[in-house]
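Residue-level listing of the chains:
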Amino acid sequence: RDGYRFYVDLESPKYHHLCYSFMFLFYIGTISRYYPSEAERLMNTDKRPIFAEALSSLPTQMLYHLVSYITNSNCVVPYSNIS
């Protein structure tokens, strides 16, 4: 509400930020398709809010990551509200 919102750790990570987004999406896609019982088990744990938040914000955030990578600058939307 009062400034920028980042959904990633802006320190120097082991891998590029885009890799973490790809890894998460690949993991969720794999368990959803090939191991639906594992996906259901994960969604019935205390990690459900983390997965729900990531799945709702990651597509938009992924776009910002790509634009930042292509333009070699930070791409953020101030006072944004992800809907």
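J.: Looking at this model, I keep getting lost on the nonpolar core. Mind explaining?
T.: Generally speaking, soluble globular proteins have nonpolar side chains that are buried together. Counting residues in hydrophobic clusters, the biggest one holds seven residues: F24, I28, I31, A39, L42, F51 and L58. Among the elements of the structure, α1 (17-34), α2 (36-43) and α3 (48-71) are those that each provide at least two residues to this core. Top contributing element to this core by residue count: α1, with three residues. Aside from chain neighbours lying at most four places away, what touches A39 is I31 and S32.

J.: Hey, could you run me through the packing of aromatic side chains in this one?
T.: Aromatic ring pairs are described here by two measures, namely the spacing of the ring centres and the angle between the planes. Evaluated as defined, the whole model comprises two aromatic pairs. Look at F24 and F51: their rings are 5.8 Å apart centre to centre, the planes differ by 25°, and that puts the pair in the stacked class. With F24 in helix α1 and F51 in helix α3, this pair connects stretches of sequence that are 27 residues apart. The same class applies to F24 and to F51, which are both buried.

J.: Help me understand α3, please; the structure alone is not making it clear to me.
T.: Residues lying three or four places apart along an α-helix face the same way, a consequence of the helix completing one turn every 3.6 residues. A rise of 1.5 Å per residue sets the reference length of α3, with its 24 residues, at 34 Å; its end C-alpha atoms lie 34 Å apart and thus fit the reference within 8%. Bending of α3 peaks at approximately 45° at the position of L58, with proline P59 no more than four residues after it. Those residues of α3 not exposed but buried are F51, S57, L58, Q61, M62, H65 and S68. Directly beyond the C-terminal end of α3, a positive phi value near 55° is found at N72.

J.: Where do I start with unusual backbone geometry in this structure?
T.: When glycine is set aside, most residues are seen to have a negative phi, and most peptide bonds are trans. Backbone geometry places N72, a non-glycine residue, at a positive phi of 55°. Note on placement: N72 falls in the segment after α3.

J.: Could you clarify how one ought to interpret a nonpolar patch on the surface in this entry?
T.: On the surface, Y15, Y20 and M23 cluster together to form a nonpolar patch covering roughly 290 Å² of accessible area. If you trace the backbone, M23 turns up in helix α1. A residue is classified by how much of its surface remains accessible, and M23, at 41% relative accessible area, is partly exposed.

J.: Sorry, what's going on with the pattern of salt bridges here?
T.: Side chains that carry opposite charge are capable of pairing whenever their charged atoms lie near each other. Enumeration according to the criterion identifies one salt bridge in this entry. Between E38 and R41 there is a salt bridge; the shortest N-O distance is 2.8 Å. With E38 and R41 both in helix α2 and three residues apart, this pair spans about one turn of that helix.

The rules behind each value
Residues numbered from 1 in each chain as written. Predicted model: local features only at pLDDT ≥ 70, side-chain atom pairs only at ≥ 80, totals over all residues. Heavy atoms only, no water. Core = buried A, V, L, I, M, F, W, Y, C linked by side-chain atoms within 4.5 Å. Buried < 20%, exposed > 50% of the residue type's maximum accessible area, 1.4 Å probe, protein only. Helix = DSSP H or I, 4+ residues; strand = E, 2+ residues; numbered from the N terminus. Contact = heavy atoms within 4.5 Å. Phe/Tyr/Trp six-rings, centres within 6.5 Å; stacked < 30°, edge-to-face > 60°. Expected span 1.5 Å × (residues − 1). Bend = angle between axes of the 7 residues up to and from the residue. Patch = residues over 30% accessible without salt bridge, like charges linked within 9 Å, V, L, I, M, F, W, Y side chains within 5 Å. Areas by Shrake-Rupley, 256 points an atom, 1.4 Å probe, with all protein chains shown as cover. Salt bridge = Lys/Arg side-chain N within 4 Å of Asp/Glu carboxyl O.

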